[in-house]
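# Descriptive structure summary
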Amino acid sequence: MLLYIIPFVLTILSSIKYDINRKNDIWEKYGLLFLFVYLILLIGLRYEVGGDTINYMGDYDWRVPLSQYKLSFNDKFQPGYIILCSLGKSISPDFYVFQLIHSALLNTLLFLFIKNNTKYVYTSLGIIFLTCYFYFSTEILRESIAVLIFH
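As the structure is a prediction and not an experimental result, all values here were calculated from the model.

The next subject is the environment of tyrosine 60. Take tyrosine 60: it is sitting in helix α3 (residues 53–62). With 22 residues separating them along the chain, tyrosine 60 and isoleucine 82 place their C-alpha atoms 9.0 Å apart. The contacts of tyrosine 60, once residues within four sequence positions are left out, are Cys85, Gly88, Lys89, Ser92, Pro93, Asp94, Phe95 and Phe98. Of note is the side chain of tyrosine 60, whose polar atom sits 3.1 Å from the backbone oxygen of glycine 88.

Printed below as a string of structure tokens:
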């Protein structure tokens with residue numbers, strides 16, 4: 001449980017220091033980099049966290065590596081997700097590899113969106129943690145990527 005509280009506490013403290021009090025130092029960027037890497041690893045290496053994770057794990061078992069992938073009529077509703085699964089399957093049959101790829105993509109898109117749309121980076125991250133981050137990163141994997149790609 002503590003592992004999931006650390007990013008929220010860090011964003012609150014950094015929000016006070018960097019967003020509210022407008023202090024600027026080298027640790028502002030290092031703190032953001034630490035959060036970025038920490039969240040990729042936290043979400044990417046989780047084990048059965050999220051209600052839909054078990055379903056995604058079962059679905060992943062049926063996916064094939066990119067070298068064996070053939071586009072079919074069944075893929076018309078989620079081609080990006082299927083290709084992402086095939087990419088993960090090309091690297092390893094273990095689901096955690098897909099979770100790491102998904103987490104890296106999700107967090108990269110999220111951090112870029114925040115960086116490009118606000119000067120209050122830590123406050124924005126704190127609000128996202130409070131409202132939807134863990135839901136979007138552990139429950140609705142396909143939809144979260146789609147939302148961030150087409151922001």
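Okay, the side chain of threonine 138 next. With respect to the secondary-structure elements, threonine 138 resides in helix α7 (residues 133–138). On the basis of relative accessible area, threonine 138 is assigned to the buried category, the value being 5%. Only 2.5 Å separates the side chain of threonine 138 from the backbone oxygen of phenylalanine 134, close enough to count as a polar contact. What threonine 138 contacts, discounting residues up to four positions off in sequence, is Ile43, Arg46, Val49, Gly50 and Thr53.

Attention shifts here to the packing of helix α2 (residues 26–44) against helix α6 (residues 121–131). What describes two packed helices is the angle between their axes and the distance between those same axes. Packing of α2 against α6 brings their axes to within 11 Å, and their N-to-C directions diverge by 25°. Classified by the interaxial angle, the pair formed by α2 and α6 is roughly parallel. Our pair here, α2 against α6, has a crossing hand that is left-handed. Here Trp27, Glu28, Gly31, Leu32, Leu35 and Leu39 of α2 lie close against α6, whose contacting residues are Val121, Tyr122, Leu125 and Phe129. Considering only residue class, the contact of α2 with α6 consists of 8 nonpolar, 1 polar and 1 charged.

What counts, and at which threshold
Counting of residues starts from 1 at the beginning of each chain's written sequence and follows it residue by residue. With the structure being a predicted model, the display of local features is reserved for residues of pLDDT at least 70 and the display and counting of side-chain atom pairs for 80 or more, all residues being used for whole-chain, interface and lining totals. To obtain the side-chain values, all non-hydrogen atoms of the structure were included, while hydrogens and water were left out. Runs of H or I in DSSP of at least four residues are treated as helices and runs of E of at least two as strands, each being numbered from the N terminus. Residue contacts are defined here by distance: any two heavy atoms, one from each residue, within 4.5 Å place the two residues in contact. By the criterion applied in these results, polar contacts are pairs of N or O atoms within 3.5 Å in which, for protein atoms, one can donate a hydrogen and the other can accept it, and in which residues neighboring in sequence qualify only through two side-chain atoms. Partly exposed residues are those whose accessible area sits between 20% and 50% of the maximum for their type, while under 20% is buried and over 50% is exposed, using a 1.4 Å probe and protein chains only. In this description, a line fitted to the C-alpha atoms serves as the axis of each element, helices being fitted only across the stretch in contact, and the angle between N-to-C directions of two axes falls anywhere from 0 to 180 degrees. Just so you know how the angles are binned, under 35 degrees is roughly parallel, over 145 roughly antiparallel, 65 to 115 roughly perpendicular, and the rest oblique. The crossing is said to be left-handed when, going from far helix to near helix, the turn is anticlockwise and less than a right angle, and right-handed when the turn is clockwise. Residue polarity follows a fixed list, in which Ala, Val, Leu, Ile, Met, Phe, Trp, Tyr, Cys and Pro are nonpolar, Asp, Glu, Lys and Arg are charged, and the others, Gly among them, are polar.

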